[in-house]
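Structural overview for review
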Amino acid sequence: MTQQSPWMDPDLAAFRDLARTFCEKELTPNTERWIADKQVDRGLWTKAGEVGLLCLSIPEEYGGGGGTFAHEVVLLEEQNRAGDSGWGVSLHNGIVAHYVLAYGTEEQKHAWLPKLASGEWVGAIAMTEPGAGSDLQGVKTKAVRDGDEYVVTGAKTFITNGGQCDFVIVVTKTDPTKGAEGTSLVIVEADRPGFRRGRVLDKIGLKAQDTAELFFDDVRVPVGNLLGGVEGQGFVHLMQQLPQERLIIGISSVMAMELALEQTLRYTKERQAFGRPVFAFQNTKFTLAEVATEARIARVFLDDCIAKHLRGELDIPTVAMLKWWTSDRAMKAVDECLQLHGGYGYMNEYPIARIYADQRVQRIYGGTNEIMKEIISRSL
Ligand SMILES: Cc1cc2nc3c(=O)[nH]c(=O)nc-3n(C[C@H](O)[C@H](O)[C@H](O)COP(=O)(O)OP(=O)(O)OC[C@H]3O[C@@H](n4cnc5c(N)ncnc54)[C@H](O)[C@@H]3O)c2cc1C
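It should be emphasised that the depicted structure is a prediction, and the values quoted were computed from it without experimental measurement.

Some words on the site of the ligand
Around the ligand sit 18 residues, and of these Thr128, Ser134, Phe158, Thr368 and Glu370 come closest. Interatomic distance of 2.8 Å between a backbone N/O atom of Met127 and an oxygen atom of the ligand. Between a nitrogen atom of the ligand and a main-chain N or O atom of Phe158, the distance comes to 2.7 Å. Considering the ligand on its own, with 970 Å² of exposed area, one finds that the protein chains cover 65% of that surface. Those elements that provide at least two residues to the shell around the ligand are strand E1 (123-126), strand E3 (149-159) and helix H11 (369-378). Within the shell around the ligand, the residues separate by chemical class into nine nonpolar, seven polar and two charged.

Digging into the domain arrangement of the protein
For the protein, the domain assignment lists domain 1 (10-121), domain 2 (124-232) and domain 3 (236-378). For domain 2 versus domain 3, the distance between C-alpha centres works out to 31 Å. Facing the 10 residues of domain 2 at the interface are 11 residues of domain 3. Roughly 820 Å² is buried in total at the junction of domain 2 and domain 3, and carbon and sulfur atoms are behind 75% of that figure. It is Met127, Ser134 and Leu206 that lose the most area in domain 2 upon contact with domain 3, and together they represent 45% of the buried surface on that side. Linking domain 2 with domain 3 are zero salt bridges, by the criterion used here. Applying the counting rule to domain 2 against domain 3 returns one residue pair in polar contact (both at pLDDT 80 or more). A per-class count over the side of domain 2 that touches domain 3 returns seven nonpolar, two polar and one charged.

A closer look at helix H8 (residues 282-310)
For H8, which comprises 29 residues, the first-to-last C-alpha distance of 42 Å matches the rise-based estimate of 42 Å (1.5 Å per residue) to within 8%. When H8 is considered as a whole, its buried residues turn out to be Thr284, Thr287, Leu288, Val291, Ala295, Ala298, Arg299, Leu302, Asp303, Cys305, Ile306 and Ala307. Each element contacted by the buried residues of H8 is listed here: helix H4 (69-81), helix H7 (234-270) and helix H9 (316-340).

Here we look at H7
Taking 1.5 Å as the rise per residue, H7 with 37 residues should run 54 Å; its terminal C-alpha atoms sit 53 Å apart, in good agreement. Of all the bends in H7, the greatest reaches close to 30 degrees and is centred on Gln241; the proline Pro243 follows between one and four positions later. The buried count for H7 comes to 27 of 37 residues, which makes it a mostly enclosed element.

Points about the packing of aromatic side chains
For the structure shown, the criterion picks out 10 aromatic pairs. Judged by centre distance (5.2 Å) and plane angle (25 degrees), the rings of Trp121 and Phe167 are stacked. Separated by 46 residues along the polypeptide, Trp121 in the loop between helix H6 (106-118) and E1 and Phe167 in strand E4 (residues 167-173) bring together distant segments of the chain. A relative accessible area of 12% places Trp121 in the buried class.

Describing the pattern of salt bridges
For the structure shown, the criterion picks out 28 salt bridges. A salt bridge links Arg16 to Glu77; the shortest N-O distance between them is 2.8 Å. You can see Arg16 sitting in helix H1 (residues 10-27) and its partner Glu77 sitting in helix H4, a full 61 residues away along the chain. Overall, Arg16 belongs to the buried group, its relative accessible area being 13%. Given a relative accessible area of 3%, Glu77 falls into the buried group. A salt bridge links Arg363 to Asp328, with the shortest nitrogen-to-oxygen separation between them at 3.3 Å.

Things to note about the packing of H8 against H9
At their nearest, the axes of H8 and H9 sit 10 Å apart, and the two run at 160 degrees to each other. Looking at the two axes, H8 sits roughly antiparallel to H9. The element H8 and its partner H9 pack so that their crossing is left-handed. Packed against H8, whose contacting residues are Asn283, Thr284, Thr287, Leu288, Val291, Glu294, Ile297, Ala298, Phe301, Leu302 and Cys305, the element H9 presents Thr318, Met321, Leu322, Trp325, Thr326, Arg329, Ala333, Glu336, Cys337 and Leu340 at the interface. A per-class count over the contact of H8 with H9 returns 13 nonpolar, five polar and three charged.

Here we look at the environment of Ile248
With respect to the helices and strands, Ile248 occurs in helix H7. Of the residues examined, Ile248 reaches a relative accessible area of 8% and is grouped as buried. For Ile248 and Ile95, which are 153 residues apart along the polypeptide, the C-alpha to C-alpha distance reads 9.2 Å. Each residue touching Ile248, except ones within four places of it in the same chain, is listed here: Phe69, Leu76, Ser90, Gly94 and Ile95.

What counts, and where the lines are drawn
- Residues numbered from 1 in each chain as written.
- Predicted model: local features only at pLDDT ≥ 70, side-chain atom pairs only at ≥ 80, totals over all residues.
- Heavy atoms only, no water.
- Near = heavy atom within 4 Å.
- Polar contact = N/O pair within 3.5 Å; in protein donor to acceptor, adjacent residues only side chain to side chain.
- Areas by Shrake-Rupley, 256 points an atom, 1.4 Å probe, with all protein chains shown as cover.
- Helix = DSSP H or I, 4+ residues; strand = E, 2+ residues; numbered from the N terminus.
- Nonpolar A, V, L, I, M, F, W, Y, C, P; charged D, E, K, R; others polar.
- Domains from an automatic or database assignment.
- Contact = heavy atoms within 4.5 Å.
- Buried area = accessible area lost by both parts, 1.4 Å probe.
- Salt bridge = Lys/Arg side-chain N within 4 Å of Asp/Glu carboxyl O.
- Expected span 1.5 Å × (residues − 1).
- Buried < 20%, exposed > 50% of the residue type's maximum accessible area, 1.4 Å probe, protein only.
- Bend = angle between axes of the 7 residues up to and from the residue.
- Phe/Tyr/Trp six-rings, centres within 6.5 Å; stacked < 30°, edge-to-face > 60°.
- Axes fitted to C-alpha atoms, helices over the stretch in contact; angles between N-to-C directions.
- Parallel < 35°, antiparallel > 145°, perpendicular 65-115°, else oblique.
- Left-handed = near helix turned anticlockwise from the far one by under 90°.

Structure follows, in structure tokens:
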């Protein structure tokens with residue numbers, strides 16, 4: 001009954017075996033501890049670098065795996081299947097490294113990508129500020145040119161990998177008198193004086209992810225840390241890269257639906273009430289028939305978006321449709337599945353409870369679903 005993704009091939013199937021083995025061995029046994037620690041082990045990144053799981057879709061000349069975005073999809077699917085949502089690898093691999101690949105100068109790519117690929121550096125991207133989330137033109141963090149340096153001043157919040165990051169792409173204003181045209185992406189390495197981490201935030205889900213506040217107190221970086229070397233390009237770069245981030249959210253959302261269905265089928269076929277399995281009640285069967293249908297529709301839409309993205313043809317409104325629809329429908333499906341678990345569904349020791357708590361944020365980050373509808377409506 002499961003859908004075979006048309007973009008899969010024998011090479012990716014072999015890679016899936018490697019990714020699955022790694023995730024089952026390195027992630028599953030540690031997830032409970034990481035939830036308590038509010039972060040994964042720092043050593044996980046270097047282990048993943050050693051086996052070639054970092055920067056999978058970055059060319060080999062920069063230390064990457066030389067694969068395609070399909071490799072990133074497979075890793076993310078296997079991470080989800082292994083029950084881990086703490087390791088911020090999809091952001092590191094699929095977002096941070098791709099900004100450097102797409103816009104970095106040759107010198108920047110050779111200097112930075114090998115360190116992201118080995119796990120020596122953990123990457124983060126800091127757009128959101130306490131006063132600016134959806135409205136990124138309202139960013140206040142400044143990068144002021146002073147001789148051969150930029151002085152970066154400001155505060156960011158909700159930053160994924162914030163607790164462990166070594167390399168941060170910071171959305172700054174190099175010209176605060178301008179909106180989008182005054183925006184530039186500046187790299188701040190975590191060992192620069194004036195870089196400070198705030199709290200690792202206490203969230204309702206994604207508990208093992210080190211989402212944190214970051215502060216920049218007059219951090220001096222060389223002008224060579226301006227991504228691409230030209231000021232004022234930051235907003236364009238964000239608009240071009242956000243679709244891949246939204247596609248990643250679509251993947252996690254579809255996985256949430258599929259895993260919730262799998263868990264609930266297993267549970268309701270075992271659990272007895274009134275002398276029969278819970279699955280035998282018509283309400284259970286019809287609810288799960290509906291969830292299975294929506295999961296299938298979501299998978300077909302996702303596969304189409306992945307195939308288009310691999311051909312370089314995925315447009316911004318279509319991925320916005322995928323992001324809002326899959327994250328919204330997944331939340332409803334997971335809620336129905338939790339209901340069929342009764343009280344056990346509310347207990348953190350049952351996977352459905354964690355899927356429920358983790359899924360909620362998919363409607364919020366990467367651009368809220370309301371913003372997605374704004375984007376779509378502009379194309380109508
Ligand atoms: C777990 C987690 C991880 C995150 N990781 C990162 C990260 O790594 N890097 C990063 O930079 N950010 C990250 N974020 C931040 C995330 O992208 C923002 O929270 C999100 O973009 C929304 O911004 P906001 O929280 O400021 O909400 P606001 O922009 O204040 O929005 C509040 C409400 O108003 C609505 N709204 C706003 N504008 C409009 C409009 N024009 N029309 C209709 N409704 C509107 C929103 O949809 C929302 O419902 C993360 C957030 C979370 C929770």
